[in-house]
Amino acid sequence: MKTSNAFPTITRIAKYTFNDEVRQKSFLIMFAICAICVFLVRGCYHGDYLVNGQSLDPGTVVRALSKVIFHILAAGVMVIAALLAMRIFRRDRNEGLQSCVLSKPIGRWQYVAGKVLGLWGLSVLFMFTLHGIMFLITSINVNVIMPEYLVASLVCSINLLFVIVAVLLLSLLMPDIVAFLAVLGVGVVGFVADGIAAASQSQMAQMMMLQSGNAPQSNLTWWKVVYYVWPKLLGVQQSATAMIGSESFTGFGPFYPLVNVLLYCLVLGALLFLRFRKEDII
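Residues numbered from 1 in each chain as written. Predicted model: local features only at pLDDT ≥ 70, side-chain atom pairs only at ≥ 80, totals over all residues. Heavy atoms only, no water.

Peer 1: When you look at the environment of leucine 102 in this model, what are you seeing that I'm missing?
Peer 2: Note on placement: leucine 102 falls in helix α5 (residues 97–102). Sequence-distant contacts of leucine 102, that is, excluding residues within four places in its chain, are made with Gly107, Arg108, Tyr111, Phe276 and Ile281. (Helix = DSSP H or I, 4+ residues; strand = E, 2+ residues; numbered from the N terminus. Contact = heavy atoms within 4.5 Å.)

Peer 1: Help me out: how do you make sense of helix α13 (residues 256–276) in this one?
Peer 2: A turn of α-helix holds 3.6 residues, and therefore any two residues three or four places apart point the same way. The end-to-end C-alpha separation of α13 is 30 Å, in line with the 30 Å expected for 21 residues at 1.5 Å each. Considered for burial, the residues of α13 that qualify are Pro257, Asn260, Val261, Cys265, Leu268, Gly269, Leu272 and Phe276. Down the axis of α13, the smallest arc covering the buried residues is 160 degrees, so these residues share one side. The exposed set on the far side of α13, more than 90 degrees from its buried face, consists of Leu266 and Val267. Buried residues belonging to α13 abut α4 (88–94), α5, α6 (108–141), α8 (157–171), α11 (222–229) and α12 (233–241). (Expected span 1.5 Å × (residues − 1). Buried < 20%, exposed > 50% of the residue type's maximum accessible area, 1.4 Å probe, protein only. Arc of directions from axis to C-beta.)

Peer 1: Whenever I open this one, the nonpolar core confuses me. Can you help?
Peer 2: Nonpolar side chains in soluble globular proteins tend to end up buried together. One finds Phe89, Tyr111, Val163, Leu168 and Leu272 to be the most contacted residues of the largest nonpolar core, which totals 65 residues. Considering each element in turn, this core owes the most residues, 13 residues, to helix α3 (residues 58–86). Beyond its immediate stretch of four places on either side in the chain, valine 163 contacts Met78, Ala81, Ala82 and Val183. (Core = buried A, V, L, I, M, F, W, Y, C linked by side-chain atoms within 4.5 Å.)

Peer 1: Sorry if this is basic, but what is going on with the packing of α8 against α13 here?
Peer 2: When two helices pack together, their arrangement is given by the angle between their axes and by how far apart the axes lie. Where α8 contacts α13, the two axes come as close as 9 Å, and the packing angle between them is 30 degrees. Comparing their axes, α13 and α8 come out roughly parallel. Every pair of crossing elements has a handedness; the one defined by α8 and α13 is left-handed. In this structure, α8 contributes Ile158, Asn159, Leu161, Phe162, Val165, Ala166, Leu168 and Leu169 to the contact, and α13 contributes Leu258, Val261, Leu262, Tyr264, Cys265, Leu268, Gly269, Leu271, Leu272 and Arg275. Along the lines of polarity and charge, the residues of the contact of α8 with α13 split into 15 nonpolar, 2 polar and 1 charged. (Axes fitted to C-alpha atoms, helices over the stretch in contact; angles between N-to-C directions. Parallel < 35°, antiparallel > 145°, perpendicular 65-115°, else oblique. Left-handed = near helix turned anticlockwise from the far one by under 90°. Nonpolar A, V, L, I, M, F, W, Y, C, P; charged D, E, K, R; others polar.)

Peer 1: Looking at this model, I keep getting lost on the environment of tyrosine 256. Mind explaining?
Peer 2: When you line up the elements, tyrosine 256 lands in helix α13. Residue classification places tyrosine 256 among the partly exposed residues on the basis of a relative accessible area of 30%. The contacts of tyrosine 256, once residues within four sequence positions are left out, are Tyr228, Val229 and Lys232.

Peer 1: Where do I start with the pattern of salt bridges in this structure?
Peer 2: Side-chain pairs of opposite charge can arise whenever the charged atoms involved come near each other. By the definition in use, this model includes 8 salt bridges. A salt bridge links lysine 115 to aspartate 92; the nearest nitrogen and oxygen atoms lie 2.7 Å apart. Taken together, the residues lysine 115 in helix α6 and aspartate 92 in helix α4 connect sequence positions 23 residues apart. Taking relative accessible area as the criterion, lysine 115 reaches 1% and is therefore assigned buried. (Salt bridge = Lys/Arg side-chain N within 4 Å of Asp/Glu carboxyl O.)

Peer 1: Sorry if this is basic, but what is going on with α12 here?
Peer 2: For α12, a buried count of 8 out of 9 residues is recorded, marking the element as mostly surrounded by other parts of the structure. All of the buried residues along α12 are Leu233, Leu234, Gly235, Val236, Gln237, Ser239, Ala240 and Thr241.

Peer 1: Even after reading the chapter, I still don't get the packing of aromatic side chains, so can you show me in this structure?
Peer 2: Pairs of aromatic rings are described using the distance from one ring centre to the other and the angle between the two planes. Overall, the coordinates contain 8 aromatic pairs when judged by the stated rule. Centre to centre, the rings of phenylalanine 27 and phenylalanine 126 are 5.6 Å apart; their planes meet at 75 degrees, and the pair counts as edge-to-face. Of this pair, phenylalanine 27 sits in helix α2 (residues 25–40) while phenylalanine 126 sits in helix α6, placing them 99 residues apart in sequence. Sitting above the plane of the tyrosine 227 ring, lysine 232 keeps its charged end 3.4 Å from the centroid. (Phe/Tyr/Trp six-rings, centres within 6.5 Å; stacked < 30°, edge-to-face > 60°. Lys NZ or Arg CZ within 6 Å of the ring centre and 35° of its normal.)

Peer 1: Where do I start with the packing of α6 against α13 in this structure?
Peer 2: The geometry of α6 relative to α13 is characterised by a closest axis approach of 9 Å and an angle of 135 degrees between their N-to-C directions. Here α6 is positioned oblique relative to α13, judged by the angle of their axes. Viewed along their axes, α6 and α13 form a crossing whose handedness is right-handed. Across the interface between the two elements, Arg108, Trp109, Tyr111, Val112, Ala113 and Val116 from α6 touch Leu272, Phe273 and Phe276 from α13. When grouped by side-chain class, the residues that make up the contact of α6 with α13 number 8 nonpolar, no polar and 1 charged.

Peer 1: Please clarify how the confidence of the model for the protein chain should be interpreted in this entry.
Peer 2: Detailed conclusions should not be drawn from predicted coordinates in areas where pLDDT is low. Here the protein chain averages 82 in pLDDT, and 79% of its residues register 70 or above. When pLDDT is averaged over each element of the protein chain, α8 comes out on top at 95 and strand β1 (residues 50–51) at the bottom at 51. (pLDDT = per-residue confidence, 0-100.)

Peer 1: Even after reading the chapter, I still don't get a nonpolar patch on the surface, so can you show me in this structure?
Peer 2: A cluster of nonpolar residues, Val79, Ile177, Val178, Leu181, Leu184, Val188, Val192 and Ile196, forms a patch on the protein surface that exposes about 640 Å² of accessible area. The element contributing the most residues to the nonpolar patch is helix α9 (residues 176–200), with 7 residues. Judged by relative accessible area, which is 46%, valine 192 ranks as partly exposed. (Patch = residues over 30% accessible without salt bridge, like charges linked within 9 Å, V, L, I, M, F, W, Y side chains within 5 Å. Areas by Shrake-Rupley, 256 points an atom, 1.4 Å probe, with all protein chains shown as cover.)

And the structure:
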């Protein structure tokens, strides 16, 4: 099939996947719970912030609080995206959709691309909507307009693509729940490692190491290599939140995490297409 005729097919499969997931009661319940939780946070946003009787700048406080909420929402939507992706192939196979679609002149790569595109679009819209609610809350309650908040949300969409592709690939190799837990473990390990690295680079940590006589080692060890090549999901979020205010970069800087996760998406995507070509369609 020519490439020019392939894109409409991919678009139709993506649209069907998007609409099918939206109609699921579980998705609607998850979205409702997340939206309610975001609305409940609005009580933290008001015009007067006092510490020891001194008034603080509302803009500074709102930006700091918004960054924390941004990270929580972005991480939460990654978990939801993994939950959506882990059962998509099994459900299509059990319902006979795979055999029905692939019995037509449609390539397997088109089917997989449509599924990835549909899930990714839904997850990005989910996260952007939640971040959009936060944007409205800060704009209305404290009159602090942060358009960069929405741009940062779009930057984090690359993390959602990584999660979806990784879970889809692993769901072909192991049980669905194991695939979900494996990707969740990758994210947790990356978050903890980045947190430890950031803490070790702080001025207080450096002073404690000097006082104890343990000078920081500059030699490249195997665990440092693993740390450098590990998926930088938290790094992407930090690069995104750096757009909100004037946060300075530490460690890798703003571009390495984006390149790191993008390369993982390309490699895992290629492996996903190759692996699905070997699947038995019943």
